[in-house]
Amino acid sequence: MNREAMKTISSNDLILEVRDLTATVQRHGSERPVIEGVTFSLARGRSLGIVGESGAGKSMLIRSILGVHPPGVTMRVTGEVRLDGHDMLRLRGRERRRALAASVGMIHQDPLRSLNPTIRVGEQLTETLAFTGRSTRRDRAARGVELMRSVGFRNSEDESRRYPHQLSGGQRQRIGIGAAALTEPALIIGDEPTTALDVTVQKRVLDLMQETRERTGSSMLLVTHDLGVAAERCDEIIVMRAGRIVEAGITAEVIAAPSHPYTRALLDSIPRLDGPRLRRLRVPETGALS
Ligand SMILES: Nc1ncnc2c1ncn2[C@@H]1O[C@H](COP(=O)(O)OP(=O)(O)OP(=O)(O)O)[C@@H](O)[C@H]1O
Ligand SMILES: [Mg+2]
């Protein structure tokens, strides 16, 4: 049996399994918990929204799963994380980076921060391919143009030669999605990928993420403080507060009957301006929602 087949069987049908995850950060000589006892899993091909207010621990949860700690911060993470068959908390340095490059595509809130201002976007889009070392520079340039076309750049030959500051926020985020999908990773993670964009651009970027996911068959973790976005885009939802999961379930069930008062408060805070979406989300006349 080849390695690929073994991996699929041993990791079951779950792309991600997180068990009793706890993370602390050290500050002023004392340890402060930022994630406490978090357990959840995600099946291959499915999408999960991670929702909660600012400071709830959404980004720290992603960091803890990936083992990517904020610079200059001492973090201690315990528990278990299996990602696409990798035992993440036991992998170090190069091995961990390899596992991440092979299995995860990450989309950041602000793609400018992850894009190098001095390298043309087409070129940096395909940088990862140089890292995995199976392509020539010319292959990569062609792939960059093709990839930009797949994320909606009509004039991609020209546009691939631009620098990040020559693109709009929405265009940069489309580059971010292209980069995340480059290796057709088993899991795409977006940490507030559309928060910095205005509403119409937000919708286009989320649509593009969805199309990309359908094309590559990836699973998705979507971090957002907007329960409406998670409800619309994800099969399942977990709600976090102060480093813990306070609610978890299939999206339709969470929305129809939130068990935690905090989820209800989040539901009530979805802007009423967005009438059609809300009407679709809300199950009429259920007491649980009032
Ligand atoms: N670089 C850091 N050093 C120390 N503590 C941090 C750091 N970043 C976040 N924290 C702490 O970790 C906790 C969780 O923060 P986190 O950034 O995960 O929240 P979040 O849910 O992603 O919020 P937001 O919606 O604002 O992005 C907070 O108490 C925060 O103060
Ligand atoms: Mg965050």
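In the block above lies the structure referred to throughout.
Here is a short report on the structure shown in this document. (Residues numbered from 1 in each chain as written. Chains lettered and ligands numbered in written order. Predicted model: local features only at pLDDT ≥ 70, side-chain atom pairs only at ≥ 80, totals over all residues. Heavy atoms only, no water.)

1. With respect to the overall build of the chain
Helix and strand counts for the chain come out as 14 helices and 10 strands. Scored against the burial criterion, the 290 residues of the chain give a buried share of 46%. Expressed as a percentage of contacts within the chain between residues at least 6 apart in sequence, the contacts between residues at least 24 apart total 64%. (Helix = DSSP H or I, 4+ residues; strand = E, 2+ residues; numbered from the N terminus. Buried < 20%, exposed > 50% of the residue type's maximum accessible area, 1.4 Å probe, protein only. Contact = heavy atoms within 4.5 Å.)

2. Thoughts on the sheet that holds strand β1 (residues 14-27)
Paired through their backbone hydrogen bonds, the strands of a sheet run either parallel or antiparallel. As summarised here, the arrangement of the 4 strands in space is β2-β1-β4-β5, forming an open sheet in which the pairing is antiparallel. Each of the sheet's edge strands pairs with one partner strand only, and the pair in question is β2 (30-43) and β5 (86-87). One ladder, built from 10 bridges, connects β1 with β2; its direction is antiparallel. Looking across to β2, one finds that E17 is bridged to S41. (Pairing = 2+ DSSP bridges.)

3. Section: the packing of aromatic side chains
A complete count under the given rule lists 0 aromatic pairs for this structure. Its end group placed over the ring of F153, R174 keeps NZ or CZ at 4.6 Å from the ring centre. (Phe/Tyr/Trp six-rings, centres within 6.5 Å; stacked < 30°, edge-to-face > 60°. Lys NZ or Arg CZ within 6 Å of the ring centre and 35° of its normal.)

4. Some details on the site of ligand 1
Taken together, 14 residues are adjacent to ligand 1, and S54, G55, K58, S59 and M60 come closest. G55 places a polar main-chain atom, nitrogen or oxygen, 2.8 Å from an oxygen atom of ligand 1. Within the side chain of K58, an N or O atom sits 2.8 Å from an oxygen atom of ligand 1. Expressed as a share of its isolated accessible area of 630 Å², the protein-covered part of ligand 1 is 68%. For the shell around ligand 1, the element with the highest residue contribution is helix α2 (residues 58-66), accounting for 3 residues. Per-class residue counts for the shell around ligand 1 are 5 nonpolar, 4 polar and 5 charged. (Near = heavy atom within 4 Å. Polar contact = N/O pair within 3.5 Å; in protein donor to acceptor, adjacent residues only side chain to side chain. Areas by Shrake-Rupley, 256 points an atom, 1.4 Å probe, with all protein chains shown as cover. Nonpolar A, V, L, I, M, F, W, Y, C, P; charged D, E, K, R; others polar.)

5. What about the environment of L100?
Inspection of the secondary structure puts L100 in helix α3 (residues 93-103). Residue L100 is classed as buried on the basis of its relative accessible area of 13%. Considered as a pair, L100 and D84 are 16 residues apart in the sequence and their alpha carbons are 9.6 Å apart. The residues touching L100, leaving out its near neighbours within four places in the chain, are L66, V68 and M88.

6. Focus on the side chain of S64
Locating S64 in the fold gives a position in helix α2. Residue classification places S64 among the buried residues on the basis of a relative accessible area of 1%. Setting aside residues no more than four positions away along its own chain, S64 makes contact with L21, A23, I35, M75, V77 and L89.

7. Examining the nonpolar core
Membership of the largest hydrophobic core comes to 36 residues, with the highest contact counts inside it found for L16, L21, F40, I65 and L221. For this core, the element with the highest residue contribution is β1, accounting for 6 residues. Here I65 is in contact with L16, V18, L21, F40, V81, L83 and M88, once residues within four sequence places are set aside. Among the nonpolar cores identified, the runner-up in size contains 25 residues, and M148, I175, I188 and L222 belong to it. (Core = buried A, V, L, I, M, F, W, Y, C linked by side-chain atoms within 4.5 Å.)

8. Quick word on the pattern of salt bridges
Pairing between side chains of opposite charge can happen when the charged atoms of each approach one another. Tallied over the entire structure, the rule returns 13 salt bridges. Salt-bridge contacts for R241 lead to E53; the nearest nitrogen and oxygen are separated by 3.8 Å. Residue R241 is found in strand β9 (residues 236-241), and its partner E53 is found in the loop between β3 (47-51) and α2; the two are separated by 188 residues along the sequence. For E53, a relative accessible area of 38% corresponds to the partly exposed category. With its nearest N and O atoms 3.4 Å apart, the salt bridge here joins D158 to R161. For R161, a relative accessible area of 45% puts it in the partly exposed group. A network of salt bridges, in which partner residues are shared, links R46, D235 and E236. (Salt bridge = Lys/Arg side-chain N within 4 Å of Asp/Glu carboxyl O.)

9. Topic: the sheet that holds strand β10 (residues 244-250)
In space, the 6 strands of this open sheet follow the order β6-β7-β8-β3-β9-β10, with mixed pairing throughout. Strand pairing shows two members of the sheet lacking a second neighbour, β6 (104-107) and β10, which therefore form its edges. The sheet shows a mean angle of 15 degrees between the axes of neighbouring strands, taken without regard to direction. Where strand β7 (residues 187-191) and strand β8 (residues 219-224) come together, 5 bridges link them in parallel fashion. Note on β8: the bridge partner recorded for I188 is M220. Sheet contacts for α3: β6 and β7; angle to β6, the most-contacted strand, approximately 80 degrees. Where helix α10 (residues 199-216) meets the sheet, it contacts β3, β6, β7 and β8, and its direction lies at approximately 160 degrees from that of β8. (Axes fitted to C-alpha atoms, helices over the stretch in contact; angles between N-to-C directions.)

10. Side note on the packing of helix α9 (residues 169-181) against α10
Following both chains from N to C, one finds α9 and α10 inclined at 15 degrees, their axes separated by 10 Å at the closest point. By the criterion of interaxial angle, the relationship of α9 to α10 is roughly parallel. Between α9 and α10 lies a crossing whose hand is right-handed. Facing G170, Q173, R174, I177 and A181 of α9, the residues of α10 in contact are V201, V205, L208, M209 and T212. Here the contact of α9 with α10 is composed, by residue class, of 6 nonpolar, 3 polar and 1 charged. (Parallel < 35°, antiparallel > 145°, perpendicular 65-115°, else oblique. Left-handed = near helix turned anticlockwise from the far one by under 90°.)

Structural measurements only, silent on function.
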